[in-house]
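Take a look at the letters that make up each chain.
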Amino acid sequence: MPKTKPALNYNRANGYEGLAPAELKKLDDVCARYRDFLGKAKTERKAHDEAVELLEAAGFQDLDGLIHEGAKLKAGDKVFRSCAGKTLLAAVLGKQPLEKGLHIVGGHTDSPRLDVKQNPLYESGEMALLDTHYYGGIRKYQWVAMPLALHGVFVKPDGKKVVICIGEEPGDPVFCITDLLPHLSADQNKKSLGESHEGENLDVLVGSVPSKDKKAKEKIKQRVLELLHERYGVTEADFLSAELEFVPAGPPREAGIDRSLIIGYGQDDRVCAYTALQALLDVPGTPEFTSCVLLCDKEEIGSYGATGMYSNFFENTVSEMLALCGGTYSELVLKRALESSWMLSADVNALFDPLFPGVSEKKNAALLNQGTCLTKYTGSRGKGGASDASAEFVAQIRRIFDRAGVVWQAAELGKVDQGGGGTIAYLMARYGMHVVDVGVALLSMHAPWEVSGKFDVYMTYKGFAAFLKDGRRNK
Ligand code: MN
Ligand code: MN
């Protein structure tokens, strides 16, 4: 018989109460490093490159190089593999064979933004503009009348890549999409919020000085092309094979007089990508099961494409690791490895917002500073599209988090029939592995500047770290 009665009530509390000073110091450290990463990782390509830099500095080796050498992998080895410079897998080989399953934390590094079209440049009203096509779910009215930075690559037919980054350094120029003045917005004001700004009109102002070229028909457009050629060696035709993204300009900032919040672009889902990566870097020694982190592209547009979670990159990479681990490679062993795996689908949820209380059911909404957020099911209209984790697996996560002192909360995205969302969880669940969503809940998700709470960021890091090193089947 237990000496003390179990608590009958489940109580939620602000995690700052009772937080030890040593933990507060670690919290500040993790969040400072996260802010640094977020400021550099403004696109999926940059998030990938920053992650590779951190992995290489920690002794992780490029798996493709090891495959080429015909090297052998053993417990404790640290590897990563890139998919087209956008998606990334990193792993620390465990004591148990891969066949016994991996512990995977998978987030995404793409964020909503404005992509430049393939034939984008035009001149109108004494201005030069770049035409865009938005990427992911944006509320269009939020992206106008604010400073934007331009990131991306031009790739020439000979394969030469020209990297562009304008608007992030303090002395850089920035760009913007103009908006209507209130004095002349009578017609626009009659439209619904969703119709006030047309997607086709999200064109970015890039210049206004005419070229001195007397033969040019459109002199302002000509001047922009001259500058692009002078500085980057590119021509108008090079836009055809380019990937250029307009994103909010400038670094993330601390927010609140107590500095308890972080405001910054792209926290969905770089906050989970970073905390997962840092948790992997901090895995002590050799884990029982192989610890694996996935940083995926294309989640915001449905995970399609070679760099999206729908592709076979993850499966192929596990095959490659199996092949390098020796023994006889077989598809059966691969299937066993996948089916025996456990995964945290690391993605953001929505915080309860006192300005919009009506969209949440408060008992089951994520609250600020109540820790990392476990979402048993996503989906919409009767859990449609959700992978819906089993109670058995959620119980395992409870065990791991509670033992490690992780402050966490269970929450769903919005009240019933208000809307909903999805993550990469269901794409991993199809292997038969256990998957549940865990991550930081945000305010203003998908807005140019999203807000997270530092406490929740720290607890998400702590939760991922505890999950990656858990040696559950031996306990
Ligand atoms: Mn997301
Ligand atoms: Mn999203």
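Please read all numbers here as calculations on a predicted model, not as lab measurements.

J.: Quick question: what am I supposed to make of the sheet that holds strand E22 (residues 450–453) here?
T.: The antiparallel open sheet is built from 3 strands, whose spatial order is E11-E12-E22. Whereas interior strands pair on both sides, the edge strands pair on one side only; in this sheet they are strand E11 (253–255) and E22. Strand-to-strand twist across the sheet, computed as the mean angle between neighbouring axes with direction ignored, equals 35°. Pairing between strand E12 (residues 261–264) and E22: 4 bridges, direction antiparallel. Note that in E22 the partner of Gly264 across the bridge is Glu450. Packing of helix H1 (residues 21–40) onto the sheet brings it into contact with E11, E12 and E22, and relative to E12 it is tilted by some 5°.

J.: Please explain the environment of Tyr426 as it appears in this structure.
T.: With respect to the helices and strands, Tyr426 occurs in helix H10 (residues 425–429). Once the C-alpha coordinates of Tyr426 and Gly76 are considered, the two residues, 350 residues apart in sequence, prove to be 29 Å apart.

J.: Can you help me understand empty space enclosed by the protein in this one?
T.: Remark: the empty space left among the atoms is shown by a probe the size of a water molecule rolled over them. Within the structure shown, the criterion is met by 1 cavity of 30 Å³ or more. If you go around the largest cavity, the residues you meet are Thr87, Leu294, Cys296, Ala306, Thr307, Gly308, Met309, Ser311, Phe313 and Phe314. Looking at the lining of the largest cavity, the elements with two or more residues in it are strand E13 (290–296) and helix H7 (313–324). Partitioning the lining of the largest cavity into residue classes produces 6 nonpolar, 4 polar and no charged.

J.: How do you make sense of the packing of aromatic side chains when you look at a structure like this?
T.: Aromatic rings considered in pairs are described by the distance between their centres and by the relative angle of their planes. Inspection of the entire model under this criterion finds 12 aromatic pairs. Summarising the aromatic geometry, the rings of Tyr16 and Phe455 are spaced 5.4 Å apart at their centres and angled 45° between planes, so their arrangement reads as tilted. Taken together, the residues span a long stretch of sequence, with Tyr16 in the segment before H1 and Phe455 in helix H11 (residues 454–469) at a distance of 439 residues. What makes Phe455 buried here is its relative accessible area of 0%. Taken together, the ring pairs in this structure connect Tyr34, Phe37 and Tyr274 into an aromatic cluster. The aromatic ring of Tyr377 is capped on one face by Lys383, whose charged end is 3.9 Å from the ring centroid.

J.: Sorry, what's going on with the pattern of salt bridges here?
T.: In this structure the tally under the stated criterion is 28 salt bridges. Its salt-bridge partner being Glu226, residue Arg223 comes within 3.2 Å of it at the nearest N-O pair. Highlighted residues: Arg223 and Glu226, both in helix H5 (residues 219–232), separated by 3 residues, approximately one helical turn.

J.: What's the story with the domain arrangement of the protein chain in this structure? I'm lost.
T.: By a widespread convention, an interface's size corresponds to the accessible area lost as its parts come together. Segmenting the protein chain into domains produces domain 1 (21–111 + 265–469) and domain 2 (113–248). Taken over C-alpha atoms, the centre of domain 1 sits 33 Å from the centre of domain 2. Joining domain 1 to domain 2, the criterion identifies 4 salt bridges. Among the ionic pairs, Lys42 bridges to Glu168, the shortest N-O distance being 2.9 Å. Partitioned by chemical class, the residues of the side of domain 1 that touches domain 2 number 5 nonpolar, 3 polar and 10 charged.

J.: Help me understand the coordination of the manganese ion (ligand 2) in this model?
T.: Perfect tetrahedral coordination of a metal by four donors corresponds to 109.5 degrees between them, and perfect octahedral coordination by six donors corresponds to 90 or 180 degrees. Note on the manganese ion (ligand 2): its protein donors are Asp268 (OD), Glu300 (OE), Glu300 (OE) and His446 (NE2). The metal-donor distances range over 2.1 to 2.6 Å. Of note, the manganese ion (ligand 2) draws all its donor residues from one chain, in the sequence arrangement D-x31-E-x145-H. The metal-metal distance between the manganese ion (ligand 2) and the manganese ion (ligand 1) is 3.3 Å, with Asp268 coordinating both. In this pair, Asp268 sits in helix H6 (residues 267–281) while Glu300 sits in the loop between E13 and H7, placing the two residues 32 residues apart along the sequence. Just as Asp268 is buried, Glu300 falls in that class too.

J.: Hey, could you run me through the layout of surface pockets in this one?
T.: Each pocket or cavity is described by its volume, and for the largest pocket that value is around 1100 Å³. Taken together, 38 residues make up the lining of the largest pocket; nearest its centre are Ala350, Leu413, Ser444, Met445 and His446. Counting residues per element, the ones that place at least two in the lining of the largest pocket are strand E15 (349–350) and strand E19 (420–421). Considering only residue class, the lining of the largest pocket consists of 14 nonpolar, 16 polar and 8 charged. Both domain 1 (21–111 + 265–469) and domain 2 (113–248) contribute no fewer than three residues apiece to the lining of the largest pocket. Roughly 550 Å³ of internal volume is contained in the second largest pocket. For the second largest pocket, the lining is made up of 22 residues, of which Tyr10, Asn11, Arg12, Trp408 and Ala410 are closest to its centre. At the level of elements, strand E16 (372–375), helix H9 (391–403) and strand E18 (408–410) are the ones that each hand at least two residues to the lining of the second largest pocket. Per-element accounting of the lining of the second largest pocket gives the leading share, 4 residues, to H9.

J.: I keep staring at a negative patch on the surface and nothing clicks. Help me out?
T.: Together, Asp49, Glu53, Glu56 and Asp62 give the surface a local cluster of negative charge. Broken down by element, the negative patch gets its largest block of residues, 3 residues, from helix H2 (residues 44–57). Along the polypeptide, Glu53 turns up in helix H2.

J.: Got a minute to help me understand the sheet that holds strand E6 (residues 127–135) in this structure?
T.: Hydrogen bonds between backbone atoms are what pair the strands of a sheet, whose relative direction is either parallel or antiparallel. Reading across from one edge, E8-E7-E10-E5-E6-E9 is the order of the 6 strands in this open sheet, with antiparallel pairing throughout. A strand with exactly one partner marks an edge of an open sheet, and here the two such strands are strand E8 (161–166) and strand E9 (204–207). Along the sheet, successive strands turn relative to each other by an average axial angle of 30°, direction set aside. Note that strand E5 (residues 113–124) and E6 share 8 bridges and pair antiparallel. Bridge assignment links Ser124 to a residue of E6, and that residue is Met127. Running at roughly 125° to E5, H5 makes contact with E5, E6, E8 and E9 of the sheet.

Definitions and cut-offs
- Residues numbered from 1 in each chain as written.
- Chains lettered and ligands numbered in written order.
- Predicted model: local features only at pLDDT ≥ 70, side-chain atom pairs only at ≥ 80, totals over all residues.
- Heavy atoms only, no water.
- Pairing = 2+ DSSP bridges.
- Helix = DSSP H or I, 4+ residues; strand = E, 2+ residues; numbered from the N terminus.
- Axes fitted to C-alpha atoms, helices over the stretch in contact; angles between N-to-C directions.
- Contact = heavy atoms within 4.5 Å.
- 1 Å grid on protein atoms, 1.4 Å probe; cavity = no way out; pocket = protein on both sides within 12 Å on 5 of 7 lines; lining within 4 Å.
- Points joined across faces, edges and corners; volume = space filled by probe spheres on them.
- Nonpolar A, V, L, I, M, F, W, Y, C, P; charged D, E, K, R; others polar.
- Phe/Tyr/Trp six-rings, centres within 6.5 Å; stacked < 30°, edge-to-face > 60°.
- Buried < 20%, exposed > 50% of the residue type's maximum accessible area, 1.4 Å probe, protein only.
- Lys NZ or Arg CZ within 6 Å of the ring centre and 35° of its normal.
- Salt bridge = Lys/Arg side-chain N within 4 Å of Asp/Glu carboxyl O.
- Domains from an automatic or database assignment.
- Donors = N, O, S within 2.8 Å, 3.2 Å for Na, K, Ca; no water.
- Patch = residues over 30% accessible without salt bridge, like charges linked within 9 Å, V, L, I, M, F, W, Y side chains within 5 Å.
- Areas by Shrake-Rupley, 256 points an atom, 1.4 Å probe, with all protein chains shown as cover.
- Lys, Arg positive; Asp, Glu negative; His and termini not counted.
- Charge placed at Lys NZ, Arg CZ, Asp CG, Glu CD.

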